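# Tertiary structure, described
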Amino acid sequence: MNSNSRLNDAARREVDELTTRIAALEVRKQELTHEAFHVHVAIRSLQSRVAQIENETAPISRLPADVLEIIFEESRRVLFQWIGFRRPLPIEVQLSHVCRRWRQVSLSTPSLWNTVRVPILHKESSIRAYFERCNQCPLSVQLGPQMSDRRIMDVISSVLIPRIGQFRELILDTEDRQELYAVLGLLANVSAPSLQRLKIASNDPTRGQGSYPPFEIFKNGAPLLADVRLSAIPIILPPAAISTLHFDPHPGPGFPISRSHLLSIITPVAASLTVLHLKGFVSGFHEEPGSAPIVLPVLRELMVHGNALIHGFNIFRNISAPSLRIFSLYGVQRQSLSSIHKFMTRTCPDQFHDLRSLHYIDCNMDDDLDIYLPHATSALTHLSVSLGSHVHLMRLLLNSDKQAALHRTSPLWPHLRTISFHLASEWSQDRDETESDEEDELPPAIALLLDVIQLREAVGSRLELLRLEGIHAGAFHDELSRALIKSKLRVNMEVVTGLLYDNDMRYMSESDWASPGYFYGSQYRTYIYRRLQAGPHGPHLPWGTAARGPGTTLSP
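Presented here is an overview of the structure given in this document. All residue numbers here refer to positions counted from 1 along the written sequence of the relevant chain. Thresholds applied to this predicted model are a pLDDT of at least 70 for local features of residues and 80 or more for the giving and counting of side-chain atom pairs; totals over whole chains, interfaces and linings are not thresholded and use all residues. Side-chain descriptors were evaluated using all non-hydrogen atoms of the structure, hydrogens and water having been removed beforehand.

### Points about the overall build of the chain
What counts here: For the purposes of this entry, the term helix denotes a DSSP run of H or I that reaches at least four residues, the term strand denotes a run of E that reaches at least two, and both are numbered from the N terminus. Exposure classes here rest on a 1.4 Å probe applied to the protein chains alone. A residue is buried below 20% of its type maximum, exposed above 50%, and partly exposed in between. Any two residues whose heavy atoms approach within 4.5 Å are treated as being in contact. The accessible surface values rely on the Shrake-Rupley method and a 1.4 Å probe; as for residues, cover is taken only from the protein chains in view.
A tally of regular secondary structure across the chain gives 17 helices and 20 strands. Residue burial in the chain is summarised as follows: out of 556 residues, 45% are buried. Of the contacts made within the chain by residues no fewer than 6 positions apart, 76% connect residues no fewer than 24 positions apart. For the chain, the exposed area adds up to about 28,200 Å²; of that, 53% sits on carbon and sulfur atoms.

Here it is as structure tokens:
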């Protein structure tokens, strides 16, 4: 039985009246809510206008748009460490979110959107947005690490490769052989008319699969290619006037590049090569050349790391550089370094007569140095040594200057004007070990430097600059300054602090175009490791970051 039927007429009329009032109030409530929303929007709009007017009074708001563009471009050089599980927004995106004017300036600056890193920072939607904003600007593209996901390869083949005509820089940083050759296959039968810089690195953790077979890329041409960085991968490069060639240290001794493959890459570009860095592992045992070494007639800078020599590779039996001006040796062991010195002295004066800068960083120097080395490099103007390997070379310089001062003859290295001194943790140990009860007793390194400075001035070849580098450069500078004051000697000094040679960044420099790629690759690998450590209940892994076994392909 309906409850309304039990109500009398007066009660039913009251219920109907109340229901009508409730409905009216509900309508009024909706109207007020709608009106409140519009009032809120109006307030926010007015507040935004007030903030805009106030922002216009700030000094930075008075900068012209072209000056802001320059500032934005420079800000992209800043590299930030990743923290936690979230990947940071690219700096250009952050700039576009600051205020309306900055967004207008950033979106109207095509060159701000010309760097794409897949899958490190950018997914398909952001890649397409970047391409719309950069218009026809030359592109800098970094692919990898972790590209085994099919979706990533689809984006690379369907979105990136069609724009390869705009590529100015390309970094290919792979995790295994499978993904390396998958991407190289996309680069085989295409042309890259604007490509100037190329880096291909493979950090394959798998061992025992043998060396990489040669692979030809850009068969349709890359005429502007000038700077190439390779790891232990025998790439057949397109015809181009390549001036800079680096063989990087990855992936390690498990996959050294063979001597024949190394020379096959260098030979076609011998006539144009001006900078050659041998930092990777080269297999040289039982592969001595049967003919004369490759002549690099315009090579100006040669850097040899100890990695390139430990498998028996002999640098000057394979390469001749008659016009060399900068020669750098990093981490070279005693026997290899002695062999290099003997070659330099034996070929005097036909070789190394144009050498201006000689660098020894973390080398194990033998005590068999003699005056023939300065004779063979008589045009030297800049000498770099590490604290741990400086003694023999500096004493050779000191003794030769003593002889020149005694006999009033021209000194060896008469044009030497700059010495760079690299100071690592050994300086603090050396300093502590030499402390004694005599307050005026100097550490051996400082005492030796004082003698060098004094005798250089005595023989008429006064040092113009002493450059101190490393984490202890500041402390060394302070103590050396006090010693110079007491000795009444003067020399201009320059101090560069920081861990310059203590980690993998020793192979890079702030001005090197490949440094940001190396940085972001390292950060991304750490980021993936953190997410994998979070376990199955951690954050969802993005493109291609799931754990995989050898030879497997990631599924979407």
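### Side note on the environment of R197
Applicable threshold: Under the rule applied, a polar contact is a pair of N or O atoms within 3.5 Å (in protein, one hydrogen donor and one hydrogen acceptor; residues adjacent in sequence only if both atoms are side-chain atoms).
Secondary-structure assignment places R197 in strand β4 (residues 197-202). Between the C-alpha atom of R197 and that of A226, which follows or precedes it by 29 residues, the distance is 6.2 Å. With near-sequence residues (within four places) excluded, R197 lies in contact with R168, E169, L170, L225, D227 and W513. One polar contact links R197 to E169, side chain to side chain, over a distance of 2.4 Å.

### A short note on helix α6 (residues 124-134)
In an α-helix, one turn spans 3.6 residues, which is why side chains three or four residues apart end up on the same side. For the record, the criterion: Of all possible arcs, the one meant is that of the directions from the helix axis to the C-beta atoms.
Turning to α6, its buried residues number three or more, namely I127, Y130, F131 and C134. Taken down its axis, α6 places every buried residue within 100° of arc, on the same side. Looking at α6, the residues exposed on the side facing more than 90 degrees away from the buried face are S125 and E132. Buried residues along α6 sit against α4 (91-96), β1 (115-118), β2 (139-143) and α7 (150-160). In the stretch just after α6, N135 is the one whose phi turns positive, near 55°.

### Topic: the pattern of salt bridges
Let me state the cut-off plainly: By definition, a salt bridge exists where a carboxyl oxygen of Asp or Glu is found within 4 Å of a side-chain nitrogen of Lys or Arg.
Applying the stated criterion across every chain yields a total of 17 salt bridges. A salt bridge links D173 to R525, with the shortest nitrogen-to-oxygen separation between them at 2.9 Å. Taken together, the residues span a long stretch of sequence, with D173 in strand β3 (residues 167-174) and R525 in helix α17 (residues 515-533) at a distance of 352 residues. You can call D173 buried: its relative accessible area is 11%. In this structure R525 comes out as partly exposed when scored by relative accessible area, which is 25%. Between K199 and D248 there is a salt bridge, with its nearest N and O atoms 2.6 Å apart. Taken together, the residues span a long stretch of sequence, with K199 in strand β4 and D248 in the loop between β8 (244-247) and β9 (257-258) at a distance of 49 residues. Note on accessibility: K199 and D248 belong to one class, buried. Linked through salt bridges whose partners overlap, the residues forming this network are D173, E175 and R525.

### Some points on the packing of aromatic side chains
Put simply, the rule is: Stacked, tilted and edge-to-face are the three classes applied to pairs of Phe, Tyr and Trp rings, where Trp contributes its six-membered ring and a pair requires centres within 6.5 Å; stacked means planes under 30 degrees apart, edge-to-face means over 60, and tilted covers the rest. Ring-over charges, as used throughout, are those where CZ of Arg or NZ of Lys falls within 6 Å of the ring centre and within 35 degrees of the ring normal.
As enumerated under the stated definition, the model contains 13 aromatic pairs in all. Ring pairs connect the aromatic residues F316, F327, F343 and F352, which therefore count as one cluster. Positioned above the aromatic ring of W113, the side-chain terminus of R133 is 4.6 Å from the ring centre. Lying across the ring of F131, R163 places its NZ or CZ 4.4 Å from the centre.

### Topic: the state of the cysteines
Spelled out, the test is: A pair of cysteine sulfur atoms is labelled a disulfide when the two atoms are within 2.5 Å.
Taken as a whole, this structure holds 0 disulfides when the rule is applied. Here C134 is not disulfide-linked; the sulfur of C137 is the nearest cysteine sulfur, at 6.1 Å. A relative accessible area of 18% means that C137 is categorised as buried.

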